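One letter stands for each residue in the lines below.
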Amino acid sequence: MKPGGRVAGYAGVLVLSFAVAVVSSYTPLGRQIDNDAYDWMFRLRKPSPWTPQSVILGIDEASFQALGGVRGLRGILSDVLERLAPLSPKVVAVDLTLSDAGEPAEDARLEAAMGRTGNLVLAAELMPGGTAWQDPLERFRQHASAVGHVHAAQDPLDGVNRQVPLEKAAGRERHWALSLEAYRLSRGAARIVESPEELRVNDLIIPARREDARAIYVRRLPSGPHGGTAIPRISAVELRDDPAAAESLRGKVVLIGVTAQSAARDRLMTPYSSEQPMPGVEIHANAFETLAQNRFVKAAGDTEVLLACGGATVLAGLVFWLLSGWAAYGTALGLLAAATALPYALFSRDTVFPPLALVASAWLSAAGAASYQHFTARRQLRRAEAEKTRYQQAVHFVTHEMRTPLTAIQGSSELMSRYNLNDEKRKQIADLIHSESRRLGRMIETFLNVERLSAGQMEMRREQVPLSEVVQVCLDRAQALADRKQITVERTVLEDATLAGDRELLEYAFYNLLTNAIKYSPSGARVTVAGRQASAGFRLSVRDEGIGMDRKEVESVFRRFYRTRRAIASGEAGSGIGLSIVEQIVSHHGGRIEVESAPGKGSCFTLVLPVPGDGAAG
Ligand code: ADP
């Protein structure tokens, strides 16, 4: 392969590896792998603990039992708010939907309790279908400092909650998240300032982009007593019965919600929860803590991911292009380790980098580059071996085929120098030396041409060659040989055709068939030459009535140096290389050779050459 082609092939392998890696990271399976990797890193690299600013006030099973069952939820909430008021919490966020009117007396009590609660945040929930809001009843809402949505993002693939969208819109109305509103009120900020890339509350900059629905990754205080997070949690019934526990709520941000397994509809799986889903109110408390601690995890952008993947691919390519052997494999292993470790290193610096695309780019391109180099090296080795074989065969040829004319020349020249010969004899011998040396020259020329052709070092000449001329030249040349054995060479049907090809090579091929037919026929036999246009091409054949060959022998005659037993026994000189050259010449002309033969009956060799029907080759 030319160097240019090799570079292109190599680059192709790399580009393909890169594309497969990136595309696979966008498939559901790929995204799930990235999710699992995130959860794994999330659990492995727990944040250093902090003092929570929020408390979860959970309405659990015990509270329902002690305070009046699920139907009495509003009563329980009124009770909780009434008991909270004297503790002056900083913010009270209620994660309960209060959009329908209830028992009038209960609603009146609840409304009154809300009226006495400062910095109250109420919950809004999207209607099923997400087209409108279920806002709290106006009588409640009027007492609230803010209304926040209580939706947590559930991953579409595995349903796990990793993020909370800080903004949600339906119709014309939108709400900030309950946790964000609670944070804003806890900091006494009047409003939330927005830009496409971030939100701002007083001094806090929240890296929540508009195009991601202002989603933030939720940081969670690692494993608390409930198997979830370590945000303190007290229940409604503890608030009633345990004054010390109640006191812990003083001045805190209190998030009220249902935590009873049987009643909470908003429980979600999180990277922490192995079996137990986490109640919504705890998810919101964690989102609040993430804001309050200013501990944001940023997601790496698509461009950054693609650049890193491209970088890994290029590096893998360079490693196997510039280095070889163990140096290449060692460096590649280092690269793979780095690519595999990078997402984790970034995660510990609060950046989420989906690992699959990068790891797959590095591995695929390293494997692709290594295999490519391996196979091209093997191919080069094979080519070198083939060249060596050809060289050895050439040496064989020289020693076999050229010995005959050389011996003739040597013998004749020796005669001339040793003996005093008369003029006529001298001329005869000089003619012989001349013709034998010319034959030798032609032979060398033909042989070299065929060698160069098959090595791809030479373009075949393409002149217009009338085949009848080729036949005639060969018949004339072989006449003496035929006469010596009293063999008649007959031309039967001999149509003419013109072929674009190499005249010398074609003459060599046909002459070889002709002399073989004469050599391997008994004295007095007949050899027939025929040529005619057929649909598959021009068929030029030489038929004899000689020794013939069986099927096995026919299969072997094109092998170099192969001679049949009958041919050796005939006493005719030969080297067994002629037909292999004939076959190469014919195939270089786009044709083929056919053999029919039967032992003792004779053979017919036919050259089938591609000649255009009108006789003018292009
Ligand atoms: P060479 O004639 O120098 O031995 P070739 O390559 O031309 O070499 O032919 C290879 C072998 O094929 C011959 O040795 C012979 O055994 C067989 N062969 C070729 N032509 C004929 C033929 N016309 N009749 C019988 N055998 C043939």
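Residues numbered from 1 in each chain as written. Predicted model: local features only at pLDDT ≥ 70, side-chain atom pairs only at ≥ 80, totals over all residues. Heavy atoms only, no water.

### Observations concerning the pairing of strand E20 (residues 498-501)
Reasoning step 1: Neither face of E20 is open: one carries Thr498 and Ala500, the other Leu499 and Gly501, and all of them are buried.
Reasoning step 2: Judged from the four bridges that link them, strand E18 (residues 463-466) and E20 form a sheet pairing that is antiparallel. Bridged to Glu463 within E20 is Gly501. (Buried < 20%, exposed > 50% of the residue type's maximum accessible area, 1.4 Å probe, protein only. Helix = DSSP H or I, 4+ residues; strand = E, 2+ residues; numbered from the N terminus. Pairing = 2+ DSSP bridges.)

### Concerning the pairing of strand E23 (residues 592-598)
Reasoning step 1: Pairing of E23 with strand E24 (residues 602-609) involves seven bridges; the strand directions are antiparallel. Pairing of Glu594 across the sheet is with Thr606, part of E24.
Reasoning step 2: Linking two consecutive strands that pair antiparallel, namely E23 and E24, is a turn of three residues; a positive phi of about 80° is found at Gly600 within it.

### Remarks on the packing of aromatic side chains
Each aromatic ring pair is summarised here by two numbers: the centre-to-centre distance and the angle between the ring planes.
Reasoning step 1: Taken as a whole, this structure holds nine aromatic pairs when the rule is applied.
Reasoning step 2: Ring centres of Tyr38 and Phe42 lie 5.6 Å apart, and the angle between their planes is 45°; on these two criteria the pair is classed as tilted. In this pair, Tyr38 and Phe42 both sit in helix H2 (residues 28-44), four residues apart, roughly one turn of the helix. Taken individually, Tyr38 and Phe42 each receive the classification buried, so the pair is uniform in this respect.
Reasoning step 3: Taken together, the ring pairs in this structure connect Tyr38, Phe42, Tyr217 and Phe347 into an aromatic cluster.
Reasoning step 4: Between the NZ or CZ atom of Arg477 and the centre of the ring of Tyr511, over which it lies, the distance is 5.1 Å. (Phe/Tyr/Trp six-rings, centres within 6.5 Å; stacked < 30°, edge-to-face > 60°. Lys NZ or Arg CZ within 6 Å of the ring centre and 35° of its normal.)

### Description of the packing of helix H7 (residues 178-186) against helix H10 (residues 280-292)
Reasoning step 1: Direction vectors running N to C along H7 and H10 enclose 45°, while the axes themselves pass 8 Å from each other. Accordingly, the angle class assigned to the pair H7 and H10 is oblique. Handedness of the H7/H10 crossing: right-handed. Residues Leu178, Ser179, Leu180, Ala182, Tyr183 and Ser186 of H7 pack against His284, Ala287, Phe288, Leu291 and Ala292 of H10.
Reasoning step 2: Considering only residue class, the contact of H7 with H10 consists of eight nonpolar, three polar and no charged. (Axes fitted to C-alpha atoms, helices over the stretch in contact; angles between N-to-C directions. Parallel < 35°, antiparallel > 145°, perpendicular 65-115°, else oblique. Left-handed = near helix turned anticlockwise from the far one by under 90°. Contact = heavy atoms within 4.5 Å. Nonpolar A, V, L, I, M, F, W, Y, C, P; charged D, E, K, R; others polar.)

### Here's the deal with the site of the ligand
Reasoning step 1: Taken together, the neighbourhood of the ligand is formed by 21 residues, with Asn516, Arg563, Thr564, Ser575 and Leu579 sitting nearest.
Reasoning step 2: Contact between the ligand and Arg563: an oxygen atom at 2.8 Å from a side-chain N or O atom of the residue.
Reasoning step 3: Protein chains shield 98% of the accessible area of the ligand, which is 530 Å² for the free molecule.
Reasoning step 4: When each cavity is represented as a set of grid points, the ligand is found to reside in the largest pocket.
Reasoning step 5: Elements represented by at least two residues in the shell around the ligand include exactly helix H17 (503-519), helix H20 (578-588) and E24.
Reasoning step 6: For the shell around the ligand, the element with the most residues is H17, which contributes four residues.
Reasoning step 7: Along the lines of polarity and charge, the residues of the shell around the ligand split into 10 nonpolar, eight polar and three charged. (Near = heavy atom within 4 Å. Polar contact = N/O pair within 3.5 Å; in protein donor to acceptor, adjacent residues only side chain to side chain. Areas by Shrake-Rupley, 256 points an atom, 1.4 Å probe, with all protein chains shown as cover. 1 Å grid on protein atoms, 1.4 Å probe; cavity = no way out; pocket = protein on both sides within 12 Å on 5 of 7 lines; lining within 4 Å. Sits in = over half its atoms within 2 Å of the grid points.)

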